[in-house]
4 protein chains.
Amino acid sequence: MTPRAEAFDNWIRRDFRDMNTALEERYFAERRSDVSGVGDDIKQQLLDEGRAHIVGLLGEGNTDEGFDAGFDLLGNVGFYMAACRRHDLTEPSRETRSPLAEASALAMQLGASLGTVPRFASAHLETHNRAVDGVFKSFTTLEDEGTFIAYNTRGALAYIRASEALLRLLPLGVSHPVAADLLDEARDALEAVYRYNEELFQILDVERFFYCVRPYYKPHRVGLREYRGANAGDFAGINVIDLLLGVCRADDPYYSQLLVDKFLFMRPEDQLLLRDCMRRQSLMDAFLEHRDSDSPPLRENLRRFLAVCDAHGKAALQHHEQLVEKFIVQPADEGDLVDNQQLTASGPPLPVLLKALRTLCDLRAGAVRDDIPSRHRDLATLRELASQVSA
Amino acid sequence: MTPRAEAFDNWIRRDFRDMNTALEERYFAERRSDVSGVGDDIKQQLLDEGRAHIVGLLGEGNTDEGFDAGFDLLGNVGFYMAACRRHDLTEPSRETRSPLAEASALAMQLGASLGTVPRFASAHLETHNRAVDGVFKSFTTLEDEGTFIAYNTRGALAYIRASEALLRLLPLGVSHPVAADLLDEARDALEAVYRYNEELFQILDVERFFYCVRPYYKPHRVGLREYRGANAGDFAGINVIDLLLGVCRADDPYYSQLLVDKFLFMRPEDQLLLRDCMRRQSLMDAFLEHRDSDSPPLRENLRRFLAVCDAHGKAALQHHEQLVEKFIVQPADEGDLVDNQQLTASGPPLPVLLKALRTLCDLRAGAVRDDIPSRHRDLATLRELASQVSA
Amino acid sequence: MTPRAEAFDNWIRRDFRDMNTALEERYFAERRSDVSGVGDDIKQQLLDEGRAHIVGLLGEGNTDEGFDAGFDLLGNVGFYMAACRRHDLTEPSRETRSPLAEASALAMQLGASLGTVPRFASAHLETHNRAVDGVFKSFTTLEDEGTFIAYNTRGALAYIRASEALLRLLPLGVSHPVAADLLDEARDALEAVYRYNEELFQILDVERFFYCVRPYYKPHRVGLREYRGANAGDFAGINVIDLLLGVCRADDPYYSQLLVDKFLFMRPEDQLLLRDCMRRQSLMDAFLEHRDSDSPPLRENLRRFLAVCDAHGKAALQHHEQLVEKFIVQPADEGDLVDNQQLTASGPPLPVLLKALRTLCDLRAGAVRDDIPSRHRDLATLRELASQVSA
Amino acid sequence: MTPRAEAFDNWIRRDFRDMNTALEERYFAERRSDVSGVGDDIKQQLLDEGRAHIVGLLGEGNTDEGFDAGFDLLGNVGFYMAACRRHDLTEPSRETRSPLAEASALAMQLGASLGTVPRFASAHLETHNRAVDGVFKSFTTLEDEGTFIAYNTRGALAYIRASEALLRLLPLGVSHPVAADLLDEARDALEAVYRYNEELFQILDVERFFYCVRPYYKPHRVGLREYRGANAGDFAGINVIDLLLGVCRADDPYYSQLLVDKFLFMRPEDQLLLRDCMRRQSLMDAFLEHRDSDSPPLRENLRRFLAVCDAHGKAALQHHEQLVEKFIVQPADEGDLVDNQQLTASGPPLPVLLKALRTLCDLRAGAVRDDIPSRHRDLATLRELASQVSA
Ligand code: HEM
Ligand code: HEM
């Protein structure tokens, strides 16, 4: 890190965070969804101080400190732009180009040279959020934000662990005796996702989350283009699991649209990993292909595979029916905000988003639906096969 | 190539091309810019036959034939979608989602798995347009389309040659005695661009180009999103030259916006190459840094470097003042189409596009303008230095 | 897989395996270490049948079926060459060039095009040994070979799991509250290594292993050069753990020699991964750097980190003092083979190899030795620090 | 570059070079091939000063300055080790391990982390030899060394240019009308190789080259292993040309052995490039496959292709019959050194090396030999075909 980059990082980790916190406390105390006219001096200070840092960094030119340093800096610029959006200093439908000219320039240079969107992505908050002295980066010091980030990180890491177990399984084939260990590991990891989600469900405060945390994840412009907000799922692992298990498929236009829209929100290494998975045979298809084999390890592995699918479906339903419901749908209802255009991180109105999320969790759970390419029939075939054996 | 992919390729190379040609002859004979109601049976046949091929390919699933096969197939799907757009079978402002559902599904699967936009890009027409029995792919058999593609290919290859010479120069440094050969090679290649452009300027028919070739390069939707059209410049080489010479800079928001918008239209190898260049010191900056050195090879190389810059600027001006002017501005004027929303490949109205292209060629030419970060002052400094020496 | 490649694979999985098994039974019954004059007809058949397959494959030319297919084929050619070596049909000190001319040609073509040694490596036996109908590839059908391979695979996979947890920790930093989960996961995985090793220690038959399994892992020539044998450790994970924990260092000539000698025995993806780790700060150095911080998560993580180091050291000692001792040193002693030049997979005489292995396990265990760069002092400092806190 | 790395670089560019020059003048004045007992104080100084730099660099630890900085530093360590070998301070047949312990440690750490041999390679002298103030790195200030390096660089760059033209041709196919330009470019570049070689042949002094330049390219140990010397051909371009033209083939064991032995002497990007070529169909095979087509551009391209083959063969013969003959064979004869074990860069005795080099140039020239897989018959077929057309 250059000295300027370090100074900016320190600012993000302290003054910036404190200003956001002060603003949130005032918004939360006075009123809730309209932030205009509150704390204008703090907002201006945040705007100016950030800009000063960024102007210096832009003038520094191309310092070529390597990918990690560039990605980190992009995160910091992105934090700043997201906070400006949250405090309504910018608003994409009001503008045709981001008024944060220097921040946009720096973000576009970084995004283009790194191969990602020119904004902060969830990796900056979760898997690549470096802690200093025990404290990771966040927009505010609010306890609920810390809780939210920590649990997202835990969930993402557990999904990644499950995906890595499945990836290690691929070259062994579904009938390899040692594959059993890997399937168990994947199931364990998905059960951990479930447990973490449950804890988060219990401890996260709905109002604080809805009014003081989520608004930092809104879409905003960088340069001319608008970019959807970060969401906890912008890492490859979850889709690797979908594709390798076989519950989602890349030739389903719903799912490939989702992938197309997601690629640049992931780190390049994740993009490559996910791309590689798109060309693999799924485990479900492999089990179906060998449905007539009576190799004992194959049958044993099949049982374990189905347990992995169950665990994946269960966590997906929990995400939809508990987390999304409690922390977004209900407060939106209560605040009469369901039709608010700016409610969601990805942009579309809430009911549209909810329908899409329902589809996704139904695919993952293998729900009995024929309007989407749910694999419920194939899963039933395999369950039947597995039960015959244990008989 | 799987047999289905091969059958589709044959269709694109024959029947598809012949149907487009028949339609173009009718449009050109009857009237010009509105194509509705002309040749509806042919249009329907094109739509249906293409769809039949694509449905088969989609059902074939993930055949994992390697990057090249996938990229080629994406090109063919893209040709089909672009022709549907040209014949007004789809039109992005009329729709919220491409009505070509299967083609979109296949294109999105391919684009996501390859790491490019899910549409045909100029590489499919130019640098990666494989000839069969002496004939490369094209939308029609019109001579002017063949001419346009062949000359674009020659221009692109010559730009690439210039860029490769500059890339080989980087590790030698600007004062290396052997660098002179590489600078001469770059200049030669840029002069070849100029010559090819001149020939194209002479032999291409304005009306045929404007009315029968360009319309295949319009923006269209794939799935939910609209993608701008391919243009001859969607390869890294031209930007590599810009950046390595130093006439354009990645911290200039105009230029980084251009790069951000362009990345996914290039092949992944080009994306990586261009990214790598973004972190290099430009030759211009290197010469400026050593302005006080009196090493003879450095001075000799400086003269040759300035000749490369001149050749680059000259070709850029020619592109703008001759090609764009003759083949787009004038026929648009004459056809009263200047304000037509659908005229340009990249989407914006023509006057906006022209202003942006002017900026680009002025940067390349080091024009004396201070409203853009033209390096005319630095170039003057270097020219002064070079002239002192020869004195 | 082309039909020829598939036929060869079937041969390796059946006839080849059965011939080796028949030969092993005769060697084991009659005498033990000198195999000459036993089963010459079988040996000749194995030699000829394999050669016939390979000649066909070589004539097939460059079929470009992708990395995975090439790597798999290299494994099969390598199995054949290793068996020829085991049956003394080739012997490197007797020859200046492998007499298996076609097999060498194919292996060199494949190795060069894949970026690995042109022989079978442990990935072919372990992490990338695809099972067909519940059975993975092996030289013989002997139960002890199956056991050995399965447990090596389990061990390798568990080491890889530990390494992946540590890799995920890096971007979070040693004081991140969520890092605790990852350290626990790494420790769990290393404890699994220990358990698997213990089971293997119990169930593997010493004589069978020593006389019927190990001989397939001897060095042999491919073309002009001699390559050391595969060993269970030819994957990046174990070294990733060494380097990230900080117990081994890339600037220690002993350890860098080991890495230099190992790189091409790993798959390219493992080579890249290990290379990337070589430039990272180790966790131990990170904890030492922050020794004065009193951040509670840092202290908590330190305790867990030390538990990971303990588990790593314990498994290393177990490998050396139990597995190597029981399955190699003792039977070599008993067979009076200690000075046999051809005993070890990597080539050097047994006492030299044992000394090198001792160094390695002492580094991993942080043994109190000052003739090697063991980090026992740094570990003591950190232990002291950790104990103060819990006090 | 860290300050230490920069200080070392300065030393290599000045004091080191001056000490080598002083030693060469004394060797050249007094006697020639045995250097013992001459200039022992200078040798000791060179040894000590270099070691002092290296000890500091090793202590600096892993500074992670990126690939380029690491590769550059490896070159400098390699220059030092090669000079020690040249002055007989080390000699591989005398030792089992390099006595340059710290230099070996640093070189192995760098080589392992970069993915190349742990010694200087020809890229350090040629394509990646950065000039400072007009002067590139060299062992001595002798004019003939400068000439040799400059001409090797020119030759390598011209070969690379030819290879890049052929690479750009691949995706177009052999019948693409624009392919003609690329074939001409390749031929031009190969003719430039010829011209440069001719100049070198004229101006290089035989004795100076043989006695004062070549000795720096001898094999030596790094750590335990001995590595052959650098030679002008350690870049991918030349083999890319061989393979793409089709005059050499990767399934020929002679040629694949050459590739296997060469891979790690190339930069990783060159390794990847060459690997990728190994899976491509050669142009010769493509022309043969379409021998029955009468497409005019195909025939036209065939004529140009044959001209490329001619130019490649001519330069290969020139290298062997002029350069190798005049600058190695003759002085070795005269000095009665033909059987000297230490004469060649790659290690084998001169007659063995010459036979191998003859094979290589005969393959390239398509010589009428049937003891090697020369493609003279296929070339005759194609020549016949090309002549029919022009008739
Ligand atoms: C009839 C001839 C040509 C016309 C009318 C023409 C027109 C245009 C237009 C209008 C654009 C802007 C596209 C958009 O953003 O919508 C463009 C871009 C571009 N064209 Fe052309 N072009 C022609 C030939 C060529 C040729 C032969 C080359 C040589 C390779 C070339 C290179 C480029 C490049 C590199 C760009 C991207 C913008 C840039 O980097 O300059 N064009 N062209
Ligand atoms: C005084 C001039 C030169 C002499 C005496 C010479 C000699 C040799 C020798 C003896 C080898 C074999 C090295 C070994 O394996 O030990 C060799 C290899 C090679 N040299 Fe030269 N060389 C000269 C100049 C050049 C130049 C200017 C080039 C142009 C790039 C060149 C390209 C090659 C290549 C490509 C190889 C690798 C083998 C092959 O692929 O042909 N050489 N040279």
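Note that the structure is a prediction, hence the values are computed from the model and not measured. (Residues numbered from 1 in each chain as written. Chains lettered and ligands numbered in written order. Predicted model: local features only at pLDDT ≥ 70, side-chain atom pairs only at ≥ 80, totals over all residues. Heavy atoms only, no water.)

Peer 1: Please clarify how the packing of aromatic side chains should be interpreted in this entry.
Peer 2: Between two aromatic rings, the relevant description is the distance of the centres plus the angle of the planes. Per the counting criterion, the structure on display carries 72 aromatic pairs over all chains. Their ring planes at 80° and their centres at 5.8 Å tell us that Phe209 of chain C and Phe327 of chain C sit as a pair that is edge-to-face. On the criterion of sequence distance, the pair formed by Phe209 of chain C in helix H8 (residues 206-213) and Phe327 of chain C in helix H13 (residues 296-334) is long-range, its members being 118 residues apart. Phe327 of chain C matches Phe209 of chain C in its accessibility class, with the two residues each being buried. Across from the ring centre of Phe79 of chain B, 5.6 Å away, lies the NZ or CZ of Lys137 of chain B, which sits over that ring. (Phe/Tyr/Trp six-rings, centres within 6.5 Å; stacked < 30°, edge-to-face > 60°. Helix = DSSP H or I, 4+ residues; strand = E, 2+ residues; numbered from the N terminus. Buried < 20%, exposed > 50% of the residue type's maximum accessible area, 1.4 Å probe, protein only. Lys NZ or Arg CZ within 6 Å of the ring centre and 35° of its normal.)

Peer 1: Honestly, the relation of the copies chain C and chain A in this entry has me stumped. Any pointers?
Peer 2: A rotation about some axis, followed by a shift along it, carries one copy of the chain onto the other. Superposing chain C onto chain A takes a rotation of 180° combined with a translation of 0.0 Å along the rotation axis, leaving an RMSD of 0.0 Å. In short, the pair behaves as if placed about a two-fold rotation axis. Both copies share a contact surface, since 100% of the interface residues of chain C are interface residues in chain A too. (Least-squares fit on C-alpha atoms with pLDDT ≥ 70 in both. Contact = heavy atoms within 4.5 Å.)

Peer 1: Explain the pattern of salt bridges to me, please; I cannot follow it from the model alone.
Peer 2: Between side chains of opposite charge, a pair can form when the charged atoms approach closely. Considering all chains together, one arrives at 152 salt bridges over all chains under this definition. Residues Arg168 of chain D and Glu185 of chain D are paired through a salt bridge, measuring 2.9 Å at the closest nitrogen-oxygen approach. Of this pair, Arg168 of chain D sits in helix H7 (residues 143-169) while Glu185 of chain D sits in helix H8 (residues 179-203), and the two are 17 residues apart along the sequence. Each member of the pair, Arg168 of chain D as well as Glu185 of chain D, is classed as buried. A cluster of three or more residues bridged by salt bridges with shared partners is formed by Asp184, Arg187, Asp188, Glu191, Glu300, Arg303 and Arg304 of chain A. (Salt bridge = Lys/Arg side-chain N within 4 Å of Asp/Glu carboxyl O.)

Peer 1: Just checking my understanding: could you explain the interface of chain C and chain D for this structure?
Peer 2: Interfaces are often sized by the accessible area lost when the parts come together. Listed by partner, the interface residues are 30 residues for chain C and 30 residues for chain D. Where chain C abuts chain D, roughly 2,500 Å² becomes buried across the two surfaces, and 55% of that area is made up of carbon and sulfur atoms. At the junction of chain C and chain D, the tally comes to 2 salt bridges. Here Arg225 of chain C ties to Asp261 of chain D by a salt bridge, and the two come within 2.5 Å at their closest N and O atoms. (Buried area = accessible area lost by both parts, 1.4 Å probe.)

Peer 1: I'm lost on the coordination of the iron atom of ligand 2 in this one. Help?
Peer 2: Four donors placed tetrahedrally about a metal ideally form angles of 109.5 degrees, and six donors placed octahedrally ideally form angles of 90 or 180 degrees. The sole protein-derived ligand of the iron atom of ligand 2 is His319 of chain D (NE2), positioned 2.1 Å away. Relative to the helices and strands, His319 of chain D is located in helix H14 (residues 296-334). (Donors = N, O, S within 2.8 Å, 3.2 Å for Na, K, Ca; no water.)

Peer 1: Is there a simple way to explain the nonpolar core in this structure?
Peer 2: Across soluble globular proteins, you tend to see nonpolar side chains buried next to one another. One finds Phe305 of chain A, Phe305 of chain B, Phe305 of chain C together with Phe305 of chain D to be the most contacted residues of the largest nonpolar core, which totals 518 residues. Excluding anything up to four places from it in sequence, Phe305 of chain A contacts Leu183, Leu245, Leu283, Met284, Phe287 and Leu382 of chain A. (Core = buried A, V, L, I, M, F, W, Y, C linked by side-chain atoms within 4.5 Å.)

Peer 1: Would you mind showing me how to read the interface of chain C and chain A here?
Peer 2: The interface of chain C with chain A comprises 36 residues on the first partner and 36 residues on the second. With both sides pooled, the region where chain C packs onto chain A buries about 2,800 Å², and carbon together with sulfur makes up 51% of that total. When the buried area of chain C at its contact with chain A is split by residue, Leu157, Arg168 and Pro171 of chain C rank highest and sum to 18% of it. Where chain C packs against chain A, one counts 8 salt bridges. Our count for the contact surface shared by chain C and chain A stands at 20 residue pairs in polar contact (both at pLDDT 80 or more). Broken down by element, the side of chain C that touches chain A gets its largest block of residues, 8 residues, from helix H6 (residues 143-169) of chain C. Among the residues making up the side of chain C that touches chain A, the classes are represented as 14 nonpolar, 10 polar and 12 charged. (Polar contact = N/O pair within 3.5 Å; in protein donor to acceptor, adjacent residues only side chain to side chain. Nonpolar A, V, L, I, M, F, W, Y, C, P; charged D, E, K, R; others polar.)

Peer 1: I tried to follow the environment of Leu363 of chain B on my own but got confused; where do I start?
Peer 2: All names here are of chain B. With respect to the helices and strands, the residue Leu363 is situated in helix H14 (residues 350-365). For Leu363, a relative accessible area of 1% puts it in the buried group. Residues Leu363 and Asp242 lie 121 residues apart in sequence; the distance between their C-alpha atoms is 8.8 Å. Here Leu363 is in contact with Val247, Cys248, Asp252, Tyr254, Ile372, Pro373 and Ser374, once residues within four sequence places are set aside.

Peer 1: Please explain the domain arrangement of chain A as it appears in this structure.
Peer 2: All names here are of chain A. Along its sequence, chain A is organised into domain 1 (3-119) and domain 2 (143-390). Between domain 1 and domain 2, the C-alpha centre-to-centre distance is 30 Å. Listed by partner, the interface residues are 31 residues for domain 1 and 26 residues for domain 2. It is Phe28, Arg85 and Arg119 in domain 1 that bury the most area against domain 2; as a group they hold 25% of the surface buried on that side. Where domain 1 meets domain 2, there are 1 salt bridge. Among the salt bridges present, the one from Arg208 reaches Glu25, with a minimum N-O distance of 2.9 Å. Applying the counting rule to domain 1 against domain 2 returns 12 residue pairs in polar contact (both at pLDDT 80 or more). (Domains from an automatic or database assignment.)

Peer 1: Help me understand the relation of the copies chain C and chain D in this model?
Peer 2: Superposition of chain C onto chain D requires a rotation of 180° combined with a translation of 0.0 Å along the rotation axis, giving an RMSD of 0.0 Å. Here 100% of the interface residues in chain C have copies in chain D that are interface residues too; the copies meet face to matching face.

Peer 1: Would you mind going over the arrangement of the chains with me for this structure?
Peer 2: What separates chain B from chain C at the closest point of their C-alpha atoms is a distance of 7 Å, and the two make no contact. Kept free of each other, chain A and chain D leave a smallest C-alpha distance of 7 Å between them.

Peer 1: Can you walk me through a negative patch on the surface in this structure?
Peer 2: Together, Glu325, Asp333, Glu334 and Asp336 of chain B make up a negatively charged patch on the protein surface. Under the relative-accessibility criterion, Glu334 of chain B is labelled exposed at 66%. (Patch = residues over 30% accessible without salt bridge, like charges linked within 9 Å, V, L, I, M, F, W, Y side chains within 5 Å. Areas by Shrake-Rupley, 256 points an atom, 1.4 Å probe, with all protein chains shown as cover. Lys, Arg positive; Asp, Glu negative; His and termini not counted. Charge placed at Lys NZ, Arg CZ, Asp CG, Glu CD.)

Peer 1: I keep staring at helix H8 (residues 206-213) of chain A and nothing clicks. Help me out?
Peer 2: The periodicity of an α-helix, 3.6 residues per turn, causes residues three or four places apart in sequence to face the same way. All names here are of chain A. Counting buried residues along H8, 6 of its 8 residues qualify, which places the element largely inside the surrounding structure. Residues of H8 that are buried: Arg208, Phe209, Phe210, Tyr211, Cys212 and Val213. Against the buried residues of H8 lie helix H1 (3-30), helix H3 (67-86), helix H6 (143-169) and helix H13 (296-334). The N-capping residue of H8, defined by a side-chain oxygen 3.2 Å from the backbone nitrogen of Glu207, is Asp205.

Peer 1: Could you clarify how one ought to interpret the side chain of Ser374 of chain A in this entry?
Peer 2: Among the secondary structure elements, Ser374 of chain A is positioned in the loop between helix H14 (350-365) and helix H15 (376-390). A polar atom in the side chain of Ser374 of chain A sits 2.6 Å from the backbone oxygen of Ala367 of chain A.

Peer 1: Would you mind going over the packing of helix H1 (residues 3-30) of chain C against helix H3 (residues 67-86) of chain C with me for this structure?
Peer 2: Helix-helix packing is characterised by the crossing angle of the two axes and by the distance between the axes. Residues and elements named next belong to chain C. Relative to each other, H1 and H3 sit at 20°, their axes nearing to 11 Å. Put simply, H1 runs roughly parallel to H3. Here the hand of the crossing between H1 and H3 comes out left-handed. Counting all contacts with H1, which are made through Phe8, Asp9, Trp11, Ile12, Phe16, Asn20, Glu24 and Tyr27, the residues of H3 involved are Asp72, Leu73, Asn76, Val77, Phe79, Tyr80, Ala83 and Arg86. When its residues are assigned to classes, the contact of H1 with H3 shows 10 nonpolar, 2 polar and 4 charged. (Axes fitted to C-alpha atoms, helices over the stretch in contact; angles between N-to-C directions. Parallel < 35°, antiparallel > 145°, perpendicular 65-115°, else oblique. Left-handed = near helix turned anticlockwise from the far one by under 90°.)

Peer 1: Looking at this structure, how should I read the side chain of His176 of chain D?
Peer 2: Its place among the elements puts His176 of chain D in the loop between H7 and H8. With residues up to four places along the chain from it excluded, the contact list for His176 of chain D reads Asn129, Ala131 and Phe136 of chain B together with Asn301 of chain D.

Peer 1: Can you walk me through the confidence of the model for chain A in this structure?
Peer 2: Close inspection of predicted coordinates is inappropriate for parts of the model with low pLDDT. In this model, chain A carries a mean pLDDT of 92, and residues with pLDDT of at least 70 account for 95%. Prediction confidence for the complex, expressed as pTM and ipTM, is 0.95 and 0.94 respectively. (pLDDT = per-residue confidence, 0-100.)

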